[in-house]
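The primary structure of each chain is shown beneath.
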Amino acid sequence: MTDAEWSVVRPLLPVPGWMRGRGGQPEAYCHRAILDAIRYLVDNGIKWRAMPADFPPWDRVYAFFRRWRDHTLIREFHDRLRRRVREEAGRDVEPTAGVIDSQSVKADAVVGADSRGFDGGKLVNGLKRHVVVDTLGLLLGVMVTAADISDRAAAKVLLERVTDAHHRLELVWADGGYTGSLVTHCLAALALVLAIVKRSDDMRGFVVLPKRWIVERLFAHLMRSRRLVRDFERSAAPRR
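The model shown is predicted, which means the values in this text are computed figures rather than measured ones. (Residues numbered from 1 in each chain as written. Predicted model: local features only at pLDDT ≥ 70, side-chain atom pairs only at ≥ 80, totals over all residues. Heavy atoms only, no water.)

(A) Layout of the pattern of salt bridges. Counted under the stated rule, the structure contains 10 salt bridges. Between D79 and R82 there is a salt bridge whose closest N-O contact spans 3.0 Å. Residue D79 and its partner R82 are located together in helix α4 (residues 73-88), separated by three residues, close to a single helical turn. Here D79 and R82 have matching classes, each one buried. D151 serves as the salt-bridge partner of K128, at 3.3 Å between the closest nitrogen and oxygen. Highlighted residues: K128 in strand β3 (residues 124-134) and D151 in helix α5 (residues 151-165), separated in sequence by 23 residues. (Salt bridge = Lys/Arg side-chain N within 4 Å of Asp/Glu carboxyl O. Helix = DSSP H or I, 4+ residues; strand = E, 2+ residues; numbered from the N terminus. Buried < 20%, exposed > 50% of the residue type's maximum accessible area, 1.4 Å probe, protein only.)

Spelled out as structure tokens, the structure:
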């Protein structure tokens, strides 16, 4: 991170217990170095044990990551950063509208059969990312399943989680894969309008569809990180 980025990120990070008078030893490594190492791993698609010597030891970086993940500190940090971005963009902290979609990603041979599936529509054997973003393209919720899980089945669970976390959400745009009983379920159970944005039959070639391009842009950003282009995770548990 640059100094300017770190000045924004640092106040949003969880405060260690020893700095709050809760005891314990001061941490041996700077949080900035830990975050840079994690970002390097995601961007370059390396293994944890292949962490360059410029960063703290890989096991220390992974220990930080695992502790932050298990205590939902990564989610808390992300939510703080999203609220700050929305405020600076002149938006309310809590969104009222969003976009949902999914992306199937191929799995490597090391991925077990219990966490992979075949997406017949995309002809992909692997996993599927289901995401909900706000109208700025900022992540509101994510769920990872086997690729053979339908969009509607996953959306039923994911939208319930997202509306629980974001009570002001009242409208979500989606593509034609989310039609059917899901629309009425969202309205009756979640007080959420699921608006389907369909592609016209007379369209030819690539056409930017209203609102749907926002979540497609997020997927394009994700595919720039090598670790997210293909699934190499042996265990499904940490991803759920």
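Read on, since the account is not over.
(B) Molecular detail of the pairing of strand β4 (residues 139-146). Counting buried positions over the eight residues of β4 gives six, a clear majority of the element. Judged from the seven bridges that link them, β3 and β4 form a sheet pairing that is antiparallel. Looking at the pairing, L127 lines up with A146 of β4. Here β3 hands over to β4 after four residues, with G137 in that stretch at a positive phi of 85°. (Pairing = 2+ DSSP bridges.)

(C) Representation of the environment of E216. Note that E216 resides in helix α7 (residues 212-222). The exposure class of E216 is partly exposed, given its relative accessible area of 38%. Remark: the alpha-carbon pair of E216 and R32, spanning 184 residues in sequence, is separated by 30 Å.

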